[in-house]
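Here are the chains, one letter per residue:
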Amino acid sequence: MAKKATKSKPKPTKKGSPFKLSKQNKIILGSLLILFSIALFFSFISFYFNWQDDQSLLSEFKDRNELAKNLLNKFGASISHFFMYKGFGLASLILPFLICITGIYLFLGLPLKALLKKWIWGLLFIIWISIALGFFATTSPLLGGLVGFEMNDFLQDYAGKIGVLLLLVFGLIFILVRLFEVTPEGISSFFKTRKEAISTEFKANQERKASRKKEQQEQEEEDLLIRSLEEEAPVIIDTYTHKTEIPHLEKEVSDFEITAPEPEETLAMEVEHVIEEPEEIDILANKLVDDFGEFDPTLELGNYKFPHIDLLDQHGATGGITINQEELEENKNKIVETLKNYKIGIAQIKATIGPTVTLYEIVPEAGVRISKIKNLEDDIALSLAALGIRIIAPIPGKGTIGIEVPNKNASIVSMRSVIASSKFQKAEMELPIAFGKTISNETFVVDLAKMPHLLMAGATGQGKSVGLNAVLTSLLYKKHPAEVKFILVDPKKVELTLYNKIERHFLAKLPDSEEAIITDNTKVIHTLNSLCIEMDNRYELLKLAMVRNLKEYNTKFKARKLNPNDGHKFLPYIVLVIDEFADLIMTAGKEVETPVARLAQLARAIGIHLIIATQRPSVNVITGIIKANFPARLAFRVTSKIDSRTILDTAGADQLIGRGDMLFTQGNDVTRIQCAFVDTPEVAKIVDFIGGQRAYPDAHELPEYVGEDSGTSLDNNVSERDAKFREAAEVIVIAQQGSASLIQRKLKLGYNRAGRIIDQLEAAGIVGPFEGSKARQVYVADMVALQQILDNE
Ligand SMILES: Nc1ncnc2c1ncn2[C@@H]1O[C@H](COP(=O)(O)OP(=O)(O)OP(=O)(O)O)[C@@H](O)[C@H]1O
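What counts and what doesn't
- Residues numbered from 1 in each chain as written.
- Predicted model: local features only at pLDDT ≥ 70, side-chain atom pairs only at ≥ 80, totals over all residues.
- Near = placed C-beta within 6 Å.
- Nonpolar A, V, L, I, M, F, W, Y, C, P; charged D, E, K, R; others polar.
- Core = buried A, V, L, I, M, F, W, Y, C linked by C-beta atoms within 7 Å.
- Buried ≥ 20, exposed ≤ 12 C-beta atoms within 10 Å, placed from the backbone.
- Domains from an automatic or database assignment.
- Contact = placed C-beta atoms within 7 Å.
- Axes fitted to C-alpha atoms, helices over the stretch in contact; angles between N-to-C directions.
- Helix = DSSP H or I, 4+ residues; strand = E, 2+ residues; numbered from the N terminus.
- Parallel < 35°, antiparallel > 145°, perpendicular 65-115°, else oblique.
- Left-handed = near helix turned anticlockwise from the far one by under 90°.
- Pairing = 2+ DSSP bridges.
- UniProt positions renumbered as here; feature names shortened; annotations may be inferred.
- Arc of directions from axis to C-beta.

1. Comments concerning the site of the ligand
Then step 1. By nearness alone, 14 residues border the ligand, and Thr-460, Gly-463, Lys-464, Ser-465 and Gly-660 come closest of all.
Then step 2. When grouped by side-chain class, the residues that make up the shell around the ligand number 4 nonpolar, 8 polar and 2 charged.

2. Quick look at the nonpolar core
One broad rule of soluble globular proteins: the nonpolar side chains tend to lie buried together.
Then step 1. Within the largest apolar cluster, 124 residues are counted, with the highest numbers of intra-cluster contacts made by Phe-435, Leu-488, Val-575, Leu-576, Ile-611, Ala-635 and Ala-676.
Then step 2. Each of two domains, domain 4 (415–694) and domain 5 (718–792), supplies a minimum of three residues to this core.
Then step 3. When neighbours within four sequence positions are excluded, Val-575 is seen to be in contact with Leu-448, Leu-475, Val-484, Phe-486, His-609 and Ile-611.
Then step 4. If you look at the next biggest cluster of nonpolar residues, it comprises 25 residues, including Leu-21, Phe-44, Ala-77 and Leu-95.

3. What about the packing of helix α25 (residues 740–747) against helix α26 (residues 751–763)?
Then step 1. Between α25 and α26, whose axes approach to 8 Å, the crossing angle comes to 120°. Considered as vectors, α25 and α26 are oriented oblique to each other. Once α25 is placed against α26, the crossing between them reads as right-handed. Touching Ala-740, Ile-743 and Gln-744 of α25 are Tyr-751, Ala-754, Gly-755, Ile-757 and Ile-758, all from α26.
Then step 2. Here the residues of the contact of α25 with α26 sort into 6 nonpolar, 2 polar and no charged.

4. Concerning the sheet that holds strand β2 (residues 357–364)
Then step 1. Taken in spatial order, the 4 strands line up as β1-β2-β4-β3 in an open sheet, and their pairing is antiparallel. Only two strands of the sheet have a single partner each, and these edge strands are β1 (346–353) and β3 (390–392). Across this sheet, the average inter-strand angle for adjacent strands is 20°, counted without regard to direction.
Then step 2. With 3 bridges joining them, β3 and strand β4 (residues 401–406) adopt antiparallel strand pairing. For Ile-391, the partnering residue across the bridge sits in β4 and is Ile-403.

5. Regarding the UniProt feature "transmembrane region" (unreviewed entry) in the chain
Then step 1. The positions UniProt marks with the feature "transmembrane region" (unreviewed entry) are residues 27–49, 88–108, 120–138 and 158–180.
Then step 2. From the first C-alpha to the last, residues 27–49 spans 34 Å; its make-up is 100% helix and 0% strand.
Then step 3. End C-alpha to end C-alpha, residues 88–108 measures 30 Å, and it is 76% helix and 0% strand.

6. As for the pairing of strand β7 (residues 454–457)
Then step 1. Burial along β7 is two-sided: Leu-454 and Met-456 facing one way and Leu-455 and Ala-457 facing the other are all buried.
Then step 2. Judged from the 4 bridges that link them, β7 and strand β11 (residues 608–614) form a sheet pairing that is parallel. Residue pairing for β11: Leu-455 is matched across the bridge by Ile-612.
Then step 3. Across 4 bridges, the pairing between β7 and strand β12 (residues 632–635) is parallel. Paired with Leu-455 across the bridge in β12 is Arg-633.

7. Overview of the sheet that holds strand β14 (residues 670–675)
Then step 1. Taken together, the 9 strands give an open sheet; going across it, the order is β6-β5-β14-β13-β12-β7-β11-β10-β8, and neighbouring strands pair in mixed fashion. Each edge of the open sheet is held by one strand with a lone partner, namely β6 (443–447) and β8 (484–489). Across this sheet, the average inter-strand angle for adjacent strands is 30°, counted without regard to direction.
Then step 2. Sheet analysis places strand β5 (residues 432–438) next to β6, joined by 5 bridges and oriented antiparallel. Its bridge partner lying in β6, Pro-432 is registered against Asp-447.

8. Digging into the environment of His-315
Then step 1. By the element assignment, His-315 lies in the loop between α9 (280–292) and α10 (325–341).
Then step 2. Among the residues examined, His-315 registers 18 C-beta atoms within 10 Å and is labelled partly exposed.
Then step 3. For the pair His-315 and Val-413, spaced 98 residues apart in the sequence, the C-alpha separation amounts to 8.0 Å.

9. So, helix α18 (residues 550–558)
Then step 1. Within α18, burial applies to Leu-550, Tyr-553, Asn-554 and Phe-557. Seen along its axis, α18 keeps its buried residues to an arc of 95°; they face one direction.
Then step 2. The secondary structure elements touched by the buried residues of α18 are α17 (521–545).
Then step 3. Immediately downstream of α18, the backbone of Arg-560 shows phi near 60°, a positive value.

And the structure:
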């Protein structure tokens with residue numbers, strides 16, 4: 001039967017299991033099972049009364065003249081004979097119940113998972129009862145059935161009667177403890193509750209008696225009062241009589257209190273396990289999924305084709321790394337020689353050849369102190385006379401010392417090779433990024449969603465832009481336009497312009513902006529604030545959906561458990577890429593830092609990830625608050641040790657050789673990677689390929705952000721002046737230099753606000769008009785004059 005049902009399931013959904021039934025089939029199968037179980041039940045019952053008469057007919061099943069006495073005739077007699085006589089005896093009666101419950105579950109479309117447990121327990125019960133009946137009711141073997149009889153026979157041959165009895169007791173304990181969760185505490189608390197119930201009942205009885213007695217007395221008093229009234233006696237006497245009676249009653253009550261049970265020291269609690277009922281919403285969602293399949297966010301661009309690997313070039317690196325034995329030998333000798341000069345003996349040396357550098361792993365002789373080698377780092381590098389030597393003493397978790405020496409002929413790691421690698425292709429990550437290859441020539445793939453934000457730094461010309469392109473290319477190769485959106489900030493205006501072609505596929509922008517790629521500072525501030533609004537909105541949606549992160553939210557939405565009418569929608573990941581972050585921080589200061597820090601702190605759960613690149617990794621660009629929220633850092637070659645420390649918290653990035661040689665850290669370990677190379681024409685080919693396909697009507701729209709009024713009026717309106725106006729005026733007059741950046745620096749203000757204050761100073765006649773690249777003229781000579789002007793206003 002079940003087989004039939006499984007065959008009738010041509011579900012188009014991607015993930016649906018082949019055993020899934022449609023709603024209609026479930027109702028049909030469910031009702032069939034319910035009716036079958038009823039038939040089974042009646043045949044079993046009837047079998048007990050008629051089995052002796054019907055037994056002779058079993059062999060004459062086909063003979064239509066012979067009729068069985070079983071309520072379901074020959075069918076009933078045969079099936080009962082099979083289950084009750086040849087099977088489990090009386091215990092078989094559980095079977096119709098199990099079948100009936102299965103039918104009900106199917107009929108109502110309840111989740112079938114819970115059934116499995118019922119069946120397992122049901123079958124265990126059947127076996128136990130059958131053996132128990134076989135054991136105890138030896139005179140009527142029909143009770144235990146053939147199975148019960150044979151099993152007993154078998155077990156008794158090996159364990160004897162006592163053994164089987166003990167086995168049965170154990171089975172009973174097992175069932176009671178596991179199924180009914182009976183515990184010694186539970187039993188004692190059951191008896192205690194019974195005891196309590198009895199004593200409460202007893203107490204209540206006594207109280208009832210007492211109150212009846214009291215009522216009687218009151219009645220008598222009343223009668224007395226009426227009588228006394230009739231006799232015109234003073235009322236007060238009766239009140240007294242009334243009162244004196246009360247202590248007597250109270251005493252009686254307090255007598256009962258002695259019989260009450262003492263309070264228990266430990267209160268045993270029975271925990272009732274509730275079988276989870278499917279929620280109304282789940283039933284509806286299951287029905288929707290049954291009828292329409294899971295929600296597919298990619299459906300709108302159902303024909304979208306992912307870029308193919310041939311869009312990327314080989315860059316001549318077809319044969320992988322070529323090993324130059326001579327070079328290896330030469331370097332080894334140099335290392336041994338150099339260390340010998342410093343009286344460091346080597347016990348063992350091993351080389352791992354990477355695409356750009358070779359790692360020589362050294363085990364020093366016993367007794368050599370690692371700190372000695374560490375102190376000699378610079379001298380060793382000098383003696384080896386090669387650029388880009390990095391000494392790792394010791395290699396974390398290995399107990400060896402590593403010396404990385406650049407190869408004479410570095411091989412390019414092509415983007416094509418890392419994209420084609422099985423590690424990337426099979427990566428089960430939300431936002432997989434193939435950065436390049438490690439020193440041991442393994443493809444290095446990480447999940448941006450787990451990072452969750454990335455800080456990139458490197459001096460100019462060391463491969464930062466190529467690195468950014470590698471990140472974007474990885475995501476373009478793996479993600480559908482519905483799943484991820486980019487926000488690209490490119491103050492240099494040239495690096496990321498290419499991506500304009502995929503605006504309507506992959507980019508997100510502010511509602512009123514024309515260009516999706518952001519190049520000016522005001523727009524960046526608006527976009528960052530808009531992203532903060534998006535973040536808050538997403539958190540609200542997550543809260544409503546009662547989930548903790550974007551992945552759970554989208555899974556729930558795909559399973560149609562969230563109603564789009566309540567504002568729910570499929571939420572794509574948003575990746576914000578900011579190139580030249582230093583430039584932005586210098587011009588916009590806190591106005592950029594605050595939203596970036598806020599996003600970095602909070603946006604991880606809701607799928608907004610930040611990638612920030614900067615040429616100058618100085619502390620005023622990568623401030624403490626930003627650094628603290630960017631655990632993943634990527635350093636290309638930088639110019640100084642200090643820069644390396646700022647970005648990685650350790651030296652080393654200053655020792656890199658450039659051209660995509662980089663260090664990546666996501667916590668403690670620092671990994672040296674050769675960044676995959678993807679050239680601009682390749683990126684152009686990829687974006688052309690994607691851009692040439694059908695797109696969404698517009699770029700993904702971010703929420704609208706209404707910024708502070710940036711309009712500048714030259715009205716000298718004192719009441720509308722900025723709160724920092726006076727301080728700014730003092731700064732300008734003291735410095736005798738009318739520049740907005742001075743105000744920005746001294747008062748730690750954002751670009752916009754400083755600009756507004758300068759305009760107000762101009763309106764107040766303190767500074768002159770804008771003069772291009774020169775600073776404005778200051779019209780007030782000193783603080784006294786300024787004081788006068790401001791006081792006269
Ligand atoms: N992974 C790499 N493999 C091989 N060569 C590379 C790699 N990355 C960069 N290069 C070389 O270095 C040059 C400069 O790289 P890139 O333009 O990425 O530098 P940059 O750090 O972005 O510079 P800027 O900050 O001035 O924009 C490239 O033109 C390329 O020749």
